[in-house]
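# Structural features, examined
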Amino acid sequence: MSDKARKHKDKASELIAKGKYKPAVNELELALSLTPDDVSARQKLGEVLVRLGKKDAAVIVFETVARQYANDGLVLKAMAVCKVILEIDPDHTRTQDTLAELVAAREAEEGETGFTDEFDIPITLEEAVDEEHNVDFEILEVMSLLPEEAIAEEDFSDISPS
């Protein structure tokens, strides 16, 4: 990622923390103009658009994010983003179809149940919390797709509260 794109993303984060969503959208769009494949910036843009009440625009952005995750082989992340879209617009048929395809692909990849008998956990809580103790809610959403037994087996001892 270019330094300019990073500066725009950092500025957007500052603006979001201050509740200044419209200028944050501008900063994220500038970052994306420099690094169009930056899925985290695009996902953040979708989240900010939701906060601004621009749900139709957010759905379009999230569709791109889900497609990008799916193309990168990150099926669980793509599924989580599809669920976000369906929370915004439960009747969004294109996303319903996409989610059904992703679930079928995941089940074909992992067997009939979607998970191995050993509860193979593809994502850990450590991956959901960055070094500044910010929580990545997208990863937590993915974790919510896992069986409760799998999450219970995770070792959370090395994660300290903020």
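Quick summary incoming for the structure in this document.

### Description of the overall build of the protein
A count of helical and extended segments in the protein gives nine helices and zero strands. Each helix and strand of the protein, ordered N terminal to C terminal, gives the series α-α-α-α-α-α-α-α-α. Out of the 162 residues belonging to the protein, those deemed buried represent 38%. By sequence separation, contacts in the protein at least 24 residues apart represent 49% of the contacts at least 6 residues apart. Accessible area for the protein stands at about 9,700 Å²; split by element, carbon and sulfur atoms hold 50% of it.

### Quick notes on the nonpolar core
The biggest cluster of nonpolar side chains holds 30 residues, and the ones touching the most others in it are L45 and V81. Listing elements by their share of this core, those giving two or more residues are α1 (3–17), α2 (21–34), α3 (39–51), α4 (55–71), α5 (75–88) and α6 (93–110). Residue contributions to this core peak at nine residues, all from α5. Beyond its immediate stretch of four places on either side in the chain, L45 contacts V25, L28, E29, L32 and V61.

### Brief notes about the layout of surface pockets
Size it by volume and the second largest pocket reaches roughly 180 Å³. Taken together, E63, A66, R67, A70, C82, I85, R94, T95, T98, E101 and L102 make up the full set of residues lining the second largest pocket. When residues of the lining of the second largest pocket are traced back to their parent elements, those giving at least two are α4, α5 and α6. Here the residues of the lining of the second largest pocket sort into five nonpolar, two polar and four charged.

Cut-off values and rules
Residues numbered from 1 in each chain as written. Predicted model: local features only at pLDDT ≥ 70, side-chain atom pairs only at ≥ 80, totals over all residues. Heavy atoms only, no water. Helix = DSSP H or I, 4+ residues; strand = E, 2+ residues; numbered from the N terminus. Buried < 20%, exposed > 50% of the residue type's maximum accessible area, 1.4 Å probe, protein only. Contact = heavy atoms within 4.5 Å. Areas by Shrake-Rupley, 256 points an atom, 1.4 Å probe, with all protein chains shown as cover. Core = buried A, V, L, I, M, F, W, Y, C linked by side-chain atoms within 4.5 Å. 1 Å grid on protein atoms, 1.4 Å probe; cavity = no way out; pocket = protein on both sides within 12 Å on 5 of 7 lines; lining within 4 Å. Points joined across faces, edges and corners; volume = space filled by probe spheres on them. Nonpolar A, V, L, I, M, F, W, Y, C, P; charged D, E, K, R; others polar.

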